[in-house]
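Each chain is listed here by its residues.
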Amino acid sequence: MGARHAGRPTSPHEVRKSHHSPGVDNHLEARWKAGCRNAAELARGLIRAGADIRPRMVRDWAMRRRRASADVMDATPGSMSAPRWRPPSINRTAWLLRADPSAIVADDRRFLDHLRVEAPDLAKSVAFATRFADLVRRRSGESLEAWFAAAAATPLAKFAAGLERDRDALRGAITTPWSTSPVEGQIGRLKMLVL
């Protein structure tokens, strides 16, 4: 065999074999069983530990591992033949966080409950965003000042500070009975004609 072919697999079956040392494979398998399914995170952990490995190799390992067998973290509770539950997209998650709890199916409700436990700042942000929406839609007796004071200590502090700069406009939008909603389509058409 020439120098060009040195180190290359000699049969198609060798391509599927791991290119890493057994220690790397053991580390990956242990992290996988511990629940880490993110190939980039697995690769970063190995690199931090001093392994000479490329993220692409870990990504390929994770893909082969996923295809090889489904495990408890991949399957829906119940039988293994049942369709897998897929986490919702970001847009769907945003919708679920704002939705009426009675309109959410059980799987999504479990997902939201787990999400709120794992990300308490997100849960707090959603609660304050909901309070703000109720305030603007006049469904709440809360004052604008009270909302600003409470929001200053939340992850929405920057958002609240931006709104505070336009406090007078916001107060006017909340207190006046008028709305441009009925004419928004006409305004959009006029802008199109002008441009």
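Residues numbered from 1 in each chain as written. Predicted model: local features only at pLDDT ≥ 70, side-chain atom pairs only at ≥ 80, totals over all residues. Heavy atoms only, no water.

### Re the pattern of salt bridges
A full pass over the atoms with the stated rule returns 11 salt bridges. The closest approach of N and O atoms between arginine 171 and glutamate 145, which form a salt bridge, is 2.1 Å. Residue arginine 171 is located in helix 10 (residues 167-175), and its partner glutamate 145 is located in helix 8 (residues 144-151); the two are separated by 26 residues in the primary sequence. (Salt bridge = Lys/Arg side-chain N within 4 Å of Asp/Glu carboxyl O. Helix = DSSP H or I, 4+ residues; strand = E, 2+ residues; numbered from the N terminus.)

### Description of the packing of helix 3 (residues 39-48) against helix 4 (residues 55-68)
Two elements in contact, helix 3 and helix 4, have axes separated by 9 Å at closest approach and are oriented at 130°. One way to sum up the angle between helix 3 and helix 4 is to call them oblique. Helix 4 is crossed by helix 3, and the crossing has right-handed handedness. For the pair formed by helix 3 and helix 4, the contact residues are Ala39, Leu42, Ala43, Leu46 and Ile47 on the first element and Pro55, Val58, Arg59, Trp61 and Ala62 on the second. (Axes fitted to C-alpha atoms, helices over the stretch in contact; angles between N-to-C directions. Parallel < 35°, antiparallel > 145°, perpendicular 65-115°, else oblique. Left-handed = near helix turned anticlockwise from the far one by under 90°. Contact = heavy atoms within 4.5 Å.)

### Considerations on the packing of helix 7 (residues 120-136) against helix 8
Two measures define how a pair of helices packs: the angle their axes make with one another and the distance between the axes. Here helix 7 crosses helix 8 at 165°, and the two axes come no closer than 11 Å. It follows from the interaxial angle that helix 7 and helix 8 lie roughly antiparallel. Judged by the twist between their axes, the crossing of helix 7 over helix 8 is left-handed. Touching Phe128, Arg131, Phe132 and Leu135 of helix 7 are Leu144, Trp147, Ala150 and Ala151, all from helix 8.

### Brief notes about the side chain of arginine 167
With respect to the helices and strands, arginine 167 occurs in helix 10. A polar contact of 2.3 Å, which involves the side chain of arginine 167, links it to the side chain of glutamate 164. Setting aside residues up to four positions removed in sequence, arginine 167 forms contacts with Leu144, Glu145 and Phe148. (Polar contact = N/O pair within 3.5 Å; in protein donor to acceptor, adjacent residues only side chain to side chain.)

### Things to note about the packing of aromatic side chains
In the structure shown here, the tally under the stated rule is five aromatic pairs. Here the aromatic rings of tryptophan 32 and tryptophan 61 are separated by 5.6 Å at their centres, their planes lie at 85°, and the arrangement is edge-to-face. Within this pair, whereas tryptophan 32 is found in helix 2 (residues 22-33), its partner tryptophan 61 is found in helix 4, the two being separated by 29 residues in sequence. Grouping residues by exposure puts tryptophan 32 and tryptophan 61 together as buried. Judged by centre distance (5.8 Å) and plane angle (90°), the ring pair of phenylalanine 132 and phenylalanine 159 falls under edge-to-face. Placement of the pair is phenylalanine 132 in helix 7 and phenylalanine 159 in helix 9 (residues 157-165), with a sequence separation of 27 residues. Aromatic ring contacts, followed pair by pair, group Phe132, Trp147, Phe148 and Phe159 into a single cluster. (Phe/Tyr/Trp six-rings, centres within 6.5 Å; stacked < 30°, edge-to-face > 60°. Buried < 20%, exposed > 50% of the residue type's maximum accessible area, 1.4 Å probe, protein only.)

### Concerning helix 10
Along an α-helix, residues three or four positions apart point the same way, because every turn accommodates 3.6 residues. Buried residues of helix 10: Arg167, Leu170 and Ile174, and no others. On an axial view of helix 10, the arc spanned by its buried residues comes to 65°, and they lie on one face. Facing away from the buried surface of helix 10 by more than 90 degrees, the exposed residues are Asp168 and Ala169. Along its buried surface, helix 10 packs onto helix 7, helix 8 and helix 9. (Arc of directions from axis to C-beta.)

### A closer look at the confidence of the model for the protein chain
Here the protein chain shows a mean pLDDT of 78. Residues at 70 or above account for 82%. Of all secondary-structure elements in the protein chain, the lowest mean pLDDT belongs to helix 1 (residues 12-15), at 36, while helix 9 reaches the highest, 89. Considering only residues more than four positions removed or in separate chains, one finds that residues 1-18, a stretch of pLDDT under 50, has six contacts. Confidence drops under a pLDDT of 50 for residues 75-79, and excluding neighbours within four residues, the segment shows four contacts in the predicted structure. (pLDDT = per-residue confidence, 0-100.)

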